[in-house]
Amino acid sequence: MTYKARLWKKLDSGKVGCRLCSHFCTMTVGERGKCGVRQNIDGELVTLVYDKVAAINIDPVEKKPLYHFLPGTRTFSIGTQGCNLGCDFCQNSSLSQPPRAGKAISGQPATPEAIVANALEYEAKSISYTYSEPTVFFELMQDTAELAHKHGLKNILVSNGFQSSECLNELDGLIDAANIDIKAFNNIFYREICKARLEPVLENVKQIHKMGWWLEITTLIIPDKNDDIAELGKLAGFIAEISGEETPWHISRFHPDYNMQDTQPTPMETLKAARSAGYEAGLKYIYIGNISNNEYSATFCPGCGAEVISRNGFSIRNKGLSHGKCKECGMLLAGVYD
């Protein structure tokens, strides 16, 4: 079945204009957008993934990654195929890229009612729209998020941040927390490696902050691509200025994947240098991810320096936090804890 898409307009000669993301695709009859999962059928825009969920899991919320939003809880995670970006380093390319290449769209039947029922059955505290790019399954996300709130579940968006402003407005009041990728702090990287643009992502981070969603930022650092420490310091400064010094920044280690198999993993020295640059820019919570035996994934109280949460992989141990407050000094740490 096909389902009528939202956020689009009719144009002349049977064309349609998609308003969902910042590509603003114009499609002739029969044509798909850059995401590969929205198509002009007889002058109407339809979504091809409303009922085709390609990934379902129960995850620790830390896997998103979210470290300051309901830590230690489980989130019911879903994703479809398709993406509005074409990152050469994509670590979920089997989900995100086949529709962009014109391949058949796969997935198992799902409805908002079934997704919410499963989340409740597995005692998840939230539903995460994740794995590929949730913008491209907007209609399923919006309907599920509305139903989730009615049943006391929180909603999490894990995204590349390339939505349109209209899309974010439609999600206002439905999404409770987001992790947004800022993949680099230069437009050349976005244009050549991600097939997108930086500016819409930065504007959307500003809008998300103003809407009051809990926000965390992730940057995957790739050797010789986006690992200039001065540039990363500017990115950290942007985060501190626009969404606040208490916005957690997740610095992730690159591993060879997809079209970047010949690129080496990120040196630990680079990750630590980026972390230092982030602290110099004023950020209070910086985490290094995608490494084992990680001493840089713990949360420390900015007030007294006490370690309040330790992490081993996606497992956590509360060492000194009570309802978001440090047991040592009483400081309330930024985040959502209850």
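Figured I'd write up the structure that's included with this text. Numbers given for residues are sequential positions, taken from 1 along each chain in its written order. With the structure being a predicted model, the display of local features is reserved for residues of pLDDT at least 70 and the display and counting of side-chain atom pairs for 80 or more, all residues being used for whole-chain, interface and lining totals. As a convention, hydrogens and water are excluded, and side-chain values are obtained from all of the structure's heavy atoms.

### Regarding the nonpolar core
Turning to step 1, where the next piece is worked out: In this structure, F89, I127, I182, Y190, W213 and W249 are the most contacted members of the largest nonpolar core, which totals 85 residues.
Turning to step 2, where the next piece is worked out: Contact definition: two residues touch when any of their heavy atoms are within 4.5 Å. Beyond its immediate stretch of four places on either side in the chain, I182 contacts Y190, L198, V201, L202, V205, I217, T218, T219, L235, F238 and I239. Nonpolar cores are built from buried Ala, Val, Leu, Ile, Met, Phe, Trp, Tyr and Cys residues. Side-chain atoms within 4.5 Å join them into one set. The buried label applies to any residue whose accessible area, calculated with a 1.4 Å probe on protein chains only, is under 20% of its type's maximum; exposed applies above 50%, and partly exposed to all values in between.

### Re the pairing of strand β9 (residues 126–129)
Turning to step 1, where the next piece is worked out: Residues of β9 alternate between two faces, with S126 and S128 on one and I127 and Y129 on the opposite face, all of them buried.
Turning to step 2, where the next piece is worked out: Two strands qualify as a pair provided DSSP detects at least 2 bridges between them. A run of DSSP states H or I qualifies as a helix once it reaches four residues; a run of E qualifies as a strand once it reaches two. Both are numbered from the N-terminal end. In terms of strand pairing, β9 meets strand β10 (residues 154–159) through 4 bridges, oriented parallel. Bridging across to β10, I127 finds its partner in N155.
Turning to step 3, where the next piece is worked out: Tracing the backbone out of β9, into helix α3 (residues 138–150) and back to the parallel element β10 gives a crossover that is right-handed. Handedness rule for crossovers: strands pointing away from the viewer, path from the first strand over the helix to the second running clockwise, crossover right-handed.

### Overview of the packing of aromatic side chains
Turning to step 1, where the next piece is worked out: Any two of the Phe, Tyr and Trp rings considered here, Trp counted by its six-membered ring, make a pair once their centres fall within 6.5 Å; the pair's planes then place it as stacked at under 30 degrees, edge-to-face at over 60, or tilted in between. Inspection of every chain in the model, using the stated rule, returns 5 aromatic pairs.
Turning to step 2, where the next piece is worked out: Through a chain of ring-to-ring contacts, three or more aromatic side chains come together here, namely F89, F189 and Y190.
Turning to step 3, where the next piece is worked out: Across from the ring centre of Y67, 3.9 Å away, lies the NZ or CZ of R311, which sits over that ring. Counting as a charge over the ring demands two things of the Lys NZ or Arg CZ atom: a distance within 6 Å of the ring centre and an angle within 35 degrees of the ring normal.

### Considering the sheet that holds strand β17 (residues 315–318)
Turning to step 1, where the next piece is worked out: Read across the sheet, 3 strands follow the order β15-β16-β17 without closing on themselves; strand pairing throughout is antiparallel. Two strands close off the open sheet at either side, each with one partner strand: β15 (299–300) and β17.
Turning to step 2, where the next piece is worked out: Where strand β16 (residues 307–312) lies against β17, 4 bridges are found, and the strand directions are antiparallel. When the sheet's bridge partners are listed, N312 is paired in β17 with S315.

### Quick notes on unusual backbone geometry
Turning to step 1, where the next piece is worked out: Look at the link from K64 to P65: it is a cis peptide, with omega at -10°.
Turning to step 2, where the next piece is worked out: We note that L70 has phi near 50°; this positive angle belongs to a residue other than glycine.
Turning to step 3, where the next piece is worked out: Residue placement: L70 occurs in the loop between β7 (53–60) and β8 (74–80).
Turning to step 4, where the next piece is worked out: When its relative accessible area of 9% is taken as the criterion, L70 is described as buried.

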